[in-house]
Amino acid sequence: MVLYNDDDVLTGSPIQNGDFAAGLTGWTTEIIGHGADATAGSIGAMGGFAQLRENESFLVSLRQTFVVP
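In what follows, the accompanying structure is described. On a predicted model such as this, the values are computed, not experimentally measured, just so you know. Residue positions are given per chain, counting from 1 as you read along its sequence in written order. pLDDT decides what is reported in this predicted model: residues at 70 or higher carry local features, side-chain atom pairs at 80 or more are listed and counted, and totals for whole chains, interfaces and linings draw on all residues regardless. As a rule here, side-chain values cover all heavy atoms of the structure and leave hydrogens and water aside.

Section: the environment of Val60
Applicable threshold: Segments assigned H or I by DSSP are reported as helices when at least four residues long, segments assigned E as strands when at least two residues long, and all are numbered from the N terminus. Categorising residues by exposure relies on relative accessible area from a 1.4 Å probe, with only protein chains included: less than 20% of the type maximum marks a residue as buried, more than 50% marks it as exposed, and the intermediate range marks it as partly exposed. Throughout, a contact is declared for two residues whenever any of their heavy atoms are within 4.5 Å.
Among the secondary structure elements, Val60 is positioned in strand E4 (residues 59-63). We classify Val60 as buried; its relative accessible area is 12%. Expressed as a C-alpha distance, the spacing of Val60 and Gly33, which sit 27 residues apart in the sequence, is 9.0 Å. Once residues lying within four places of it in the same chain are set aside, the contact partners of Val60 are Glu30, Ile31, Gly41, Ser42, Ile43, Leu52, Arg53 and Glu54.

Right, here's the structure in full:
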């Protein structure tokens, strides 16, 4: 029996800006479900991390899609 190890190393990460070093570049944000006079949620990125604040919104989300090679 012969085992074959193929080191198929990716040339780059499939997740664009996965460490938030470039802010929210490549990410889709959505803030829904707050009234006109209510404080809406917010999404920010600084120092390699993302921060989601819900405030008076129903949903605050951050997503990114990618294709697995």
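Section: the packing of aromatic side chains
For any pair of aromatic rings, the description rests on two quantities: the centre-to-centre distance and the angle between the ring planes. Applicable threshold: For Phe, Tyr and Trp, rings pair up if their centres lie within 6.5 Å, where Trp contributes its six-membered ring, and each pair is then called stacked (planes under 30 degrees apart), edge-to-face (over 60) or tilted (otherwise).
In this structure the tally under the stated criterion is 1 aromatic pair. Measuring from centroid to centroid gives 4.9 Å for Phe20 and Trp27, while their planes differ by 25 degrees, and the two rings are stacked. Trp27 shares its class with Phe20; the two are buried.

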